[in-house]
Amino acid sequence: MGGTERYAALNRRARHDYLIEDTLEAGLVLHGTEVKSLRQGGASIAEAYADAQSGELFLVNANIPEYKSSSHFNHLPRRPRKLLLHRKEVNRLLGAIRREGVTIVPLSIYFNDRGRAKVELGLAHGKRKADKRQAERDRDWQRNKARLLRSRDL
């Protein structure tokens, strides 16, 4: 990601529920009312994932609410949205999806410097309950260690 992005949607649970191996940026094919709705905020990508359909990748189950100011040219909030990637990247991701336990999850939707909507995708493996507990213990230990070091310095 470049310099001054404005986030339209964040998937905070993705890094908790999945082990992110790799990230990449993709464009999105959007209708006009979807862009306006994204700029207002309120989009949700918590349950979204990327899926293959006829050799292309689509963002499935992302909720971009209807644009309130539009009367008749509105979009469907949960429609599949095509992801814009180079053919090599699509082939690499399709191969990764076919492997066992690999999911492509959106980490964020943002607007880049040119005002284009982009989605940051993560190549992820699902975490088990024990992995989540271990990550929580590690995070708590880091927090306690920082607290101890701060109190020792005072």
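Residues numbered from 1 in each chain as written. Predicted model: local features only at pLDDT ≥ 70, side-chain atom pairs only at ≥ 80, totals over all residues. Heavy atoms only, no water.

Asks: How would you sum up the overall build of the chain? Please name residues and give values.
Replies: Scanning the chain for helices and strands turns up 4 helices and 7 strands. Sequence-ordered secondary structure for the chain, helices as α and strands as β, is β-α-β-α-β-β-β-α-β-β-α. Overall, the C-alpha framework of the chain stretches about 60 × 40 × 30 Å when taken along its three principal axes. Burial statistics for the chain: of 154 residues in total, 35% are counted as buried. Within the chain, residue pairs in contact and separated by at least 24 positions form 68% of the contacts whose partners lie at least 6 positions apart. (Helix = DSSP H or I, 4+ residues; strand = E, 2+ residues; numbered from the N terminus. Buried < 20%, exposed > 50% of the residue type's maximum accessible area, 1.4 Å probe, protein only. Contact = heavy atoms within 4.5 Å.)

Asks: So what about the packing of aromatic side chains? Which residues, and what values?
Replies: Evaluation of the coordinates by the stated rule reveals 1 aromatic pair. The ring of phenylalanine 111 is capped by arginine 39, whose NZ or CZ atom sits 4.1 Å from the centre of that ring. (Phe/Tyr/Trp six-rings, centres within 6.5 Å; stacked < 30°, edge-to-face > 60°. Lys NZ or Arg CZ within 6 Å of the ring centre and 35° of its normal.)

Asks: Break down unusual backbone geometry for me, citing the residues and quoting the values.
Replies: The phi angle at serine 54 is positive, at roughly 50°, despite the residue not being glycine. By the secondary structure assignment, serine 54 is in the loop between β3 (49-53) and β4 (56-60). Taking relative accessible area as the criterion, serine 54 reaches 75% and is therefore assigned exposed. Positive phi, normally seen in glycine, also occurs at asparagine 61, with a value near 70°. Mapping asparagine 61 onto the fold places it in the loop between β4 and β5 (81-84).

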